[in-house]
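Take a look at the letters that make up each chain.
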Amino acid sequence: MDENKIKVGLIQRSFDEDIELNRKRNLSSIESLASEGAQLIVLSELHDSPYFCQCEDVENFRYATRPEDFIEIYSEAARENNVVLVTSAFERRAPGLYHNTALVFENDGSLAGKYRKMHIPDDPGFYEKFYFTPGDLGFHPIETSLGKLGVLVCWDQWYPEAARLMALEGADMLIYPTAIGWNPDDDSEERNRQRDAWVTVQRAHGIANGLPVVSVNRYGFEEDPTGHTSGIDFWGSSFVCGPQGEILHMSPENGPDEALVEIDLMRTENVRHWWPFLRDRRIDHYSDLVCRFKD
């Protein structure tokens, strides 16, 4: 086996209110991809439940999980299938304190590390600030037997600073569990602009840092239970790209996908020789990046 090449499995699915059924399907997909040779498997954001953030409702805190319960389920899946596993939980840290948390399991079932989503949106249909406290663990790659994984979550994918900080700490790839989609009222042109922007910005993070990117989204329409909005049509389109932004795999917009994609980490070394962006950074003139805005 070439240690510089990693077989990555991604799981694009739709979800409903039955947490146990969602988990059963997730575990089945993990087993299937592992049987095909996957070494690293990535699930989408909040993969055990519907996307409950379409409205502000205290009843939705029922979807939260204690870390120990979540860990028990997915650590066993990682161990039994001998895979490194990137998962996503609605973490109940304490009464009234919740996070949107990615947990990474080593292939022996141990917890390699976790990342709490740092950028929390508050937009129509995406009322995440009602549910999630911003992360407090910083931007640090998670060390695994397959390398350092720069795990970020959804809204983080729009921020070049997050990707850069992961790269500067030695991340071998960027990984984005995601839940994003269209307002069904948007016309086709607006839908295309939004989806293209989403793909483009993540490919740009890969290019700017010379790193492969794995982005895994859900698909399918989910109603707003309050009826205040038209719901969200999640656009799927999970993808993997290389360090020059080259698309290695693209999932369909509206359908399930269990894909196995090979990533060659030596391409990072080669691409950074050709395009030495990290070498030429003018770090002596970047201090204003910590300002909210330069008035």
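Please refer to the structure higher up on the page.
To continue, consider the overall build of the protein. Regarding its fold elements, the protein presents five helices and 17 strands. Its C-alpha atoms give the protein principal-axis dimensions of roughly 55 × 50 × 40 Å. A burial count over the protein gives 51% of its 295 residues as buried. Long-range contacts, defined here as pairs at least 24 residues apart, represent 68% of the contacts in the protein between residues at least 6 apart. Approximately 13,600 Å² of the protein is accessible, and the part contributed by carbon and sulfur atoms is 49%.

This paragraph deals with the sheet that holds strand β4 (residues 97-105). Sheet architecture is open: six strands sit in the order β5-β4-β3-β2-β1-β17, paired in mixed fashion. Edge positions in the open sheet fall to β5 (111-116) and β17 (257-264), since each of these has one partner strand only. Strand after strand, the sheet turns through a mean of 30 degrees between neighbouring axes, direction not considered. Of the pairings in the sheet, the one linking strand β1 (residues 5-12) to β17 comprises eight bridges and is antiparallel in character. By the bridge assignment, Lys7 is partnered in β17 with Glu262. The strands that helix α1 (residues 19-35) touches are β1, β2 (40-42), β3 (84-94) and β17; relative to β1, the one it contacts most, it runs at about 150 degrees.

Three or four residues apart is the spacing at which side chains of an α-helix point the same way, because the helix has 3.6 residues per turn. Along its 22 residues, helix α4 (residues 188-209) runs 32 Å from first to last C-alpha, staying within 8% of the 32 Å computed at 1.5 Å per residue. When α4 is considered as a whole, its buried residues turn out to be Arg191, Arg195, Trp198, Val199, Val201, Gln202, His205, Gly206 and Asn209. With its buried residues spanning 150 degrees around the axis, α4 presents them on a single face. Residues of α4 that are exposed and point over 90 degrees away from its buried face: Ser188 and Glu189. Two to three positions downstream of the cap, the backbone nitrogen of Glu189 sits 3.3 Å from a side-chain oxygen, assigning the N-cap of α4 to Asp187. Trailing α4 by a residue or two, Gly210 shows a phi angle of about 65 degrees, which is positive.

Scoring rules and cut-offs
Residues numbered from 1 in each chain as written. Predicted model: local features only at pLDDT ≥ 70, side-chain atom pairs only at ≥ 80, totals over all residues. Heavy atoms only, no water. Helix = DSSP H or I, 4+ residues; strand = E, 2+ residues; numbered from the N terminus. Buried < 20%, exposed > 50% of the residue type's maximum accessible area, 1.4 Å probe, protein only. Contact = heavy atoms within 4.5 Å. Areas by Shrake-Rupley, 256 points an atom, 1.4 Å probe, with all protein chains shown as cover. Pairing = 2+ DSSP bridges. Axes fitted to C-alpha atoms, helices over the stretch in contact; angles between N-to-C directions. Expected span 1.5 Å × (residues − 1). Arc of directions from axis to C-beta. Polar contact = N/O pair within 3.5 Å; in protein donor to acceptor, adjacent residues only side chain to side chain.

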